[in-house]
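Close look at the chain arrangement
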Amino acid sequence: MIDYHCHILPQMDDGPDRLSECLTMLRHSKEQGVEVMVSTSHFYADEDYPAQFVQRRNAAFLRLREATGRDGSSYPMIVLGAEVLYFPGISQAQDIEKLTIGSGRTILVEPPMAPWSDTMLDEIVELGENLHCRPVIAHVDRYMRMLKDKHLLDRVLERNLLVQVNASWFLDPKTVKSAVRNLKQGKIHLIGSDCHNLLGRSPNLGQARQQAKAFGAEAEFEELRRNALRLLFPRGNQ
């Protein structure tokens, strides 16, 4: 499995503070079958500049990599990226390309927790065109629930944007059927744990996979891994 949205670096955002917690989160993910974790620390344009963010992020990654020591094979591979909170003008922002994920084929955008305007979605499309990459809309399921708008998913898809959902959508008895239905309909491209810690927001991708399997969507869940592979390692084996 590939976790396309997680907060795993130490002291970068509201994720883990201690290296020991980071390592435990990595081990738990590995035990669940996660091969790759895309580190998507929060980026807020009103608090940071892309170049400064990348400098802090790379330093945090080096600390974590050193902490794994010679036992690096016991942990998932980490690919660096960011979870970029949308702001007006994002498509023209200086150095925004520094926040793309891995090889630069995607950028993870977090819309605000407010009704989505066509202007916002269209600018995210423009962002992708300017960067020659595919924008990924973060945890669309969360907005569907909190904004009480079931049409958000289709609005993302009709603009050819990529849909990332959280594993928790498959773990809530109230929403698992909706999650599986949308997965089977091909409306989900990527999945992430959005893990932040070891308590309320711990690694949970393995549990989501088991739920998908229980509802007869094992093949569709595996396709999420292939989608991520194609985006992260376009020349690698799939």
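Residues numbered from 1 in each chain as written. Predicted model: local features only at pLDDT ≥ 70, side-chain atom pairs only at ≥ 80, totals over all residues. Heavy atoms only, no water.

1. A word on the pairing of strand S6 (residues 106-110)
Where burial is concerned, most of S6 is hidden: five out of the five residues are buried. Burial of the side chains of S6 extends over both faces: Thr106, Leu108 and Glu110 are buried on one face and Ile107 and Val109 on the other. Note: strand S5 (residues 83-85) against S6, three bridges, orientation parallel. When the bridges of S6 are listed, Glu83 appears paired with Leu108. Of the pairings in the sheet, the one linking S6 to strand S7 (residues 134-137) comprises four bridges and is parallel in character. Its bridge partner lying in S7, Thr106 is registered against Arg134. (Buried < 20%, exposed > 50% of the residue type's maximum accessible area, 1.4 Å probe, protein only. Helix = DSSP H or I, 4+ residues; strand = E, 2+ residues; numbered from the N terminus. Pairing = 2+ DSSP bridges.)

2. Concerning the pairing of strand S2 (residues 36-39)
The two faces of S2 match: Val36 and Val38 on one face and Met37 and Ser39 on the other face are all buried. Pairing between strand S1 (residues 2-6) and S2: three bridges, direction parallel. Within S2, the position partnered with Asp3 by the bridge is Met37. Remark: the S1/helix H1 (residues 19-31)/S2 crossover connection has right-handed handedness. Note that S2 and strand S4 (residues 77-80) share four bridges and pair parallel. Across the sheet, residue Ser39 finds its bridge partner in S4, namely Leu80. (Right-handed = clockwise from strand over helix to strand, strands pointing away.)

3. Re the nonpolar core
The biggest cluster of nonpolar side chains holds 62 residues, and the ones touching the most others in it are Ile96, Leu99, Ile107, Trp116, Phe170 and Ile191. With near-sequence residues (within four places) excluded, Leu99 lies in contact with Phe43, Pro50, Phe53, Val54, Gly81, Ala82, Val84 and Ile107. Judged by nonpolar contacts, the second largest core, of 15 residues, contains Ile2, Ala138, Leu162 and Leu190. (Core = buried A, V, L, I, M, F, W, Y, C linked by side-chain atoms within 4.5 Å. Contact = heavy atoms within 4.5 Å.)

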